[in-house]
Amino acid sequence: MKQLLAFVRKEFYHVFRDRKTLLILFGMPVVQIILFGFALNSEVKNIGITILDNAHDVQSEQIIAKINSSPYFKVRQPALNYKDIEHRFKEGGIKCALLFPVNFGSALYKTGGAQVQIIADASDPNTATTLTNYLTAIIGNYQQELNPAAKPAYQIIPEVRMLYNEEQNGSLNFIPGVIALIFMIVSTALTSVAVVREKELGTMEILLVSPFRPIMVLIAKAVPYLVLSLINFIIILLLSVYLLDVQIKGSIILIFAESILFIITCLSLGLLISNITTSQQTAMLVSMMGMMLPTMLLTGFMFPLENMPKVFQIISYILPSKYYYSIIKSVMLKGLGFSYVWKETLVLAGMAAGLLTLALKNFKIRLS
Amino acid sequence: MEDNQSPSTVGRQSSTKEKAIVCKNLTKQFGDFKAVNNISFDVDQGEIFGFLGANGAGKTTAMRILCGLSYPTSGEAMVAGFDVYRQQEKIKKNIGYMSQKFSLYDNLTVLENIEFYGGIYGVQGAEIKTRSNDLVSTLGLEKEAKKLVGELPLGWKQKLAFSVAIFHRPKIVFLDEPTGGVDPVTRRQFWDMIYEAAANGITVFVTTHYMDEAEYCNRISVMVDGCVNAMDTPANLKKQFNAHSMDEVFYELARSAKRTGD
Amino acid sequence: MSSVRVKNIIKTYGEVKAVDNVSFEVQKGELFGLIGPDGAGKTSIFRILTTLLLADSGTATVDGYDVVKDYQAIRNRVGYMPGRFSLYQDLTVKENLTFFATVFGTSIEENYALIKDIYEQIRPFNNRRAGKLSGGMKQKLALCCALIHKPAILFLDEPTTGVDVVSRKEFWDMLNQLKKQGITIVVSTPYMDEAMLCDRIALIQNGSIMSINTPDHIVQSFPKPLFAAKADNIYRLLQDLRADTEVESCYAFGEYLHLTLRVKDGNEHTISAIAAKYNPGGFEVKRIAPAIEDCFIELMGNE
């Protein structure tokens, strides 16, 4: 036990004496959260919109005029038909579309209620949400003007469709994504590099030729990075709450428990990588290319997974981060309990156990 | 116009023999620290000159200046007839360099390595071809010419590295601990090559801290704490210090060193 | 009693025989040297003996324990300094030492007597990071770390490579001090001149041992008289003598050429007579005792 403590202390020395590691450890989460946070809070102004007005009546035109006069939107050339809308989206230039049904005005007056459809390009979910909110507000405004007596005789019901990203992943969803990414960097990349560095230095030979149990080397390497990951996790949570006004809806204990499970998965991966690589560069490269890139691209936190080719969707199922991302999103942002995420937790636990076994089994007590 | 004033006139005044390197009161200072402290020496054309010193004595700094990689703080030096302040590019063209650590690309073949170095030193294409064929047959590497250098034994690599360093027929070749780690026989073959190069008029400047390597040199200088504390033939130095080997000479000189570290 | 016993060890990497049927024994309290160039197989032998590597065939015991079966027991009993061992650069002298002491289940105080003489020399730099030490001091620290648990046998793989003359001399002095305390030392080096400092040596080349004996015995068994000659133009002399039919071998050796003759009873005069054919200026010749390096060259010629 004394040996393990000495080892862990030594690991902390390594971390705190290396400016690069420190910067990666504590600079990156802060920078990422701030960057993502502000990049996604983009201001909406003069956004291109196209209108498919099948009604061509007074009411629809009044609404169009209202939209045109708002500073947020710029009405572009009207769409010819439904297909044309999609075409215009792909062309760029517009980020949302508004559809009036054939008998919009008459329906509104005759039945007291009419529908419009709002379609937004949700590949940038944050902007899409803002846009639909503004559009709904403008329509609501018009509706109020129609009902001056405050008795809701006429109702316009907007039906919102998010194109390219039906589930509307995004907005604050990047936070669980960043957390997963940070864990990957700290627990997987830094851990593997820390082990491989000893191989490069030759100190691994000394450690092996000592009474210290080889397995303890791995445990001693893992403990500091578990602690550092948790510290990082707390930093991210604090930043999210106080800087980005995120509400943590679910159980904080559950979030921590799930995070520890994921950290153990990442650590096991890191140790596994360190077993099969012999240089720090390779270890870093494998962690980056093999783990971090897929996490960024295929967990759905930056780019919606639904629109990706089937192959990528299938690959994403073997990524631990996908499950962690989904769990944290559900618990932290939607406030769901364990009963909603037990399946993902089970998968993650299975992966952690599998990877840890593999890492420990592959650890060589000799050189090859 | 100063590019054309070669070879130097400084050397000719001091001796009838052509001087490959002339150093006068050369100093290199980093802040208060004098890495090279007022050193002066001459090296003759075709001489094998051993430049010795413990780690941190200032060897590397001095050699960098002589190779045209860094400017001295004060003093003068001419290398191959060119001034270390104003004619660094000319110096680089007229010297060769080989170190034990960096020499050849392991993932290029023997011929590719030769062609590459010949190319960067501006040897003409056709000339490269004939010379590299000659080189390969002199070294007896015909069968290995198309093999990757990484697959060759260490001794062959060193011999090849030396040949490549003098491929462009430089006036001076700088060797940094050239024969470390090889077996005694290969080492002799290596020294045969160095002797041959010197006999052909190439000045060989060897830096090392291994004294047995130093004993092969015509003349030796020993640097201690930035200064040249001794300079003579190995035989005279041994006589002067009443020592059996250069090891003992060096030990006597370096023991008093104040500086440590690299 | 033998501290180390190696029998018919073979280790291959692909097609390369790194260790080719090597056998030797090291007696208790002996300073034993493995002398050979890079790639001769020294490191592989050290790794096999320190249980870091499994041999393809053959057996070996260290302090009576089998290197395969009893690897745990051996790991408790040996001190090991690998060739590229450079300690933790970002840890101070004291931290490095404390760390290795703890890992080996001991403390600096417990075996202080053993490392005292060496440690005293680096103690003034206790709070300096290992990365900022000079080569010689790093080496001393590394030796302290390898000794901290009072091993029965010390394995030092090329401890003096890349270290200057002064530090090298000090290092060998330290080894002799340790020997006096009863520690068996197995050391490897590519420097032939260090062979004389060992009790017994094995000359190793291409994975196999060419000769094992005391340095004096090896020198004495050099088969022929050896001469050292020199002239003003040493390269000319080398070429001339080498081409001469009466000369058996001639090679450069420091400021001299070393040569042997084909005739058994040749002497200095024989050589002077041969040299006279070529009119060398400043010619000198003397009979000399061979160095280990001469023996190595001679043995390589026999292989």
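Just above, that's the structure.
Scope of this entry: the structure provided in the associated data block. (Residues numbered from 1 in each chain as written. Chains lettered and ligands numbered in written order. Predicted model: local features only at pLDDT ≥ 70, side-chain atom pairs only at ≥ 80, totals over all residues. Heavy atoms only, no water.)

### With respect to the arrangement of the chains
A comparison of contact numbers over the two pairs of chains in contact places chains A and C at the top. Between chain A and chain B there is no contact; the minimum C-alpha to C-alpha separation amounts to 17 Å. (Contact = heavy atoms within 4.5 Å.)

### Topic: the environment of Lys171(B)
Residues and elements named next belong to chain B. Mapped onto the elements of the fold, Lys171 is located in the loop between helix 6 (154-165) and strand 7 (172-176). Separated by 104 residues in sequence, Lys171 and Cys67 place their C-alpha atoms 12 Å apart. Setting aside its immediate chain neighbours within four residues, Lys171 contacts Gln45, Ala80, Asn94, Gly201, Ile202 and Thr203. (Helix = DSSP H or I, 4+ residues; strand = E, 2+ residues; numbered from the N terminus.)

### Comments concerning the packing of helix 13 (residues 320-333) of chain A against helix 14 (residues 338-362) of chain A
All names here are of chain A. Contact pair helix 13 / helix 14: the axes reach a minimum separation of 9 Å and the direction vectors enclose 145 degrees. For helix 13 against helix 14, the interelement crossing comes out left-handed. The residues of helix 14 that touch helix 13, namely those facing Pro320, Tyr323, Tyr324, Ser326, Ile327, Ser330 and Val331, are Val341, Glu344, Thr345, Val347, Leu348 and Met351. Of the residues contributing to the contact of helix 13 with helix 14, the split by class is nine nonpolar, three polar and one charged. (Axes fitted to C-alpha atoms, helices over the stretch in contact; angles between N-to-C directions. Left-handed = near helix turned anticlockwise from the far one by under 90°. Nonpolar A, V, L, I, M, F, W, Y, C, P; charged D, E, K, R; others polar.)

### Structural notes on the interface of chain A and chain C
Across the contact, 27 residues belong to chain A and 31 residues belong to chain C. Of the roughly 2900 Å² buried between chain A and chain C on both sides combined, carbon and sulfur atoms contribute 61%. For the chain A face of the interface with chain C, the top three residues by lost area are Arg17(A), Val209(A) and Arg366(A), together amounting to 25%. Taken together, the links from chain A to chain C amount to two salt bridges. At the boundary of chain A with chain C, the tally comes to 13 residue pairs in polar contact (both at pLDDT 80 or more). Listed by contribution, the elements that provide at least two residues to the side of chain A that touches chain C are helix 1 (2-17), helix 7 (174-201) and helix 8 (203-208) of chain A. (Buried area = accessible area lost by both parts, 1.4 Å probe. Salt bridge = Lys/Arg side-chain N within 4 Å of Asp/Glu carboxyl O. Polar contact = N/O pair within 3.5 Å; in protein donor to acceptor, adjacent residues only side chain to side chain.)

### Section: the side chain of Arg131(B)
Residue and element names in this part refer to chain B. Take Arg131: it is sitting in helix 5 (residues 125-139). There is a polar contact of 2.4 Å between the side chain of Arg131 and the backbone oxygen of Phe167. Setting aside chain neighbours within four positions, we find Arg131 in contact with Val123, Phe167, His168 and Arg169.

### Some remarks on the pairing of strand 3 (residues 48-53) of chain B
All names here are of chain B. Of all six residues in strand 3, six are buried; the element is thus mostly enclosed. The side-chain alternation of strand 3 yields two buried faces, one formed by Ile48, Gly50 and Leu52 and the other by Phe49, Phe51 and Gly53. As defined by bridge partners, strand 3 adjoins strand 9 (residues 219-224) across five bridges and the pair is classed as parallel. Paired with Phe51 across the bridge in strand 9 is Ser221. (Buried < 20%, exposed > 50% of the residue type's maximum accessible area, 1.4 Å probe, protein only. Pairing = 2+ DSSP bridges.)

### Topic: the sheet that holds strand 5 (residues 82-83) of chain B
Residues and elements named next belong to chain B. The four strands lie next to each other as 2-1-4-5, forming an open sheet whose pairing is antiparallel. Two strands lie at the open edges of the sheet, namely strand 2 (33-44) and strand 5, each paired on one side alone. Relative to strand 4 (residues 74-79), strand 1 (residues 19-30) runs antiparallel, the two being bridged by five bridges. Paired with Thr27 across the bridge in strand 4 is Ser74. Seen against the sheet, helix 2 (residues 59-66) touches strand 1, strand 2 and strand 4 and runs at an angle of roughly 125 degrees to strand 1.

### Let's talk about the packing of helix 10 (residues 252-276) of chain A against helix 14 of chain A
Residue and element names in this part refer to chain A. Two elements in contact, helix 10 and helix 14, have axes separated by 8 Å at closest approach and are oriented at 25 degrees. The angle between helix 10 and helix 14 places the two elements in the roughly parallel class. In terms of crossing hand, the pair formed by helix 10 and helix 14 is left-handed. Contacts between helix 10 and helix 14 involve Leu254, Glu258, Leu261, Phe262, Ile264, Thr265, Ser268, Leu269, Leu271, Leu272 and Asn275 from the former and Phe338, Val341, Thr345, Leu348, Ala349, Met351, Ala352, Leu355, Leu356, Leu358, Ala359 and Asn362 from the latter. (Parallel < 35°, antiparallel > 145°, perpendicular 65-115°, else oblique.)

### Concerning the interface of chain B and chain C
Each partner contributes residues to the interface: chain B has 29 residues there, and chain C has 31 residues. Each partner contributes to the roughly 2600 Å² buried at the junction of chain B and chain C, and carbon and sulfur atoms together form 60% of this total. Seen at the junction of chain B and chain C, the total is four salt bridges. We note a salt bridge from Asp192(B) to Arg242(C), for which the minimum N-O separation is 2.9 Å. Put simply, chain B and chain C have six residue pairs in polar contact (both at pLDDT 80 or more) between them. Every element with two or more residues in the side of chain B that touches chain C is listed here: helix 7 (184-199), helix 9 (234-240) and helix 10 (246-254) of chain B. The element best represented in the side of chain B that touches chain C is helix 7 of chain B, accounting for eight residues.

### Quick look at a nonpolar patch on the surface
All names here are of chain A. Nonpolar side chains collect at one region of the surface, where Leu285, Met289, Leu293, Leu297 and Phe303 lie side by side and expose about 460 Å² of accessible area between them. Structurally, the position occupied by Leu285 is in helix 11 (residues 280-298). The exposed category is assigned to Leu285, whose relative accessible area is 54%. (Patch = residues over 30% accessible without salt bridge, like charges linked within 9 Å, V, L, I, M, F, W, Y side chains within 5 Å. Areas by Shrake-Rupley, 256 points an atom, 1.4 Å probe, with all protein chains shown as cover.)

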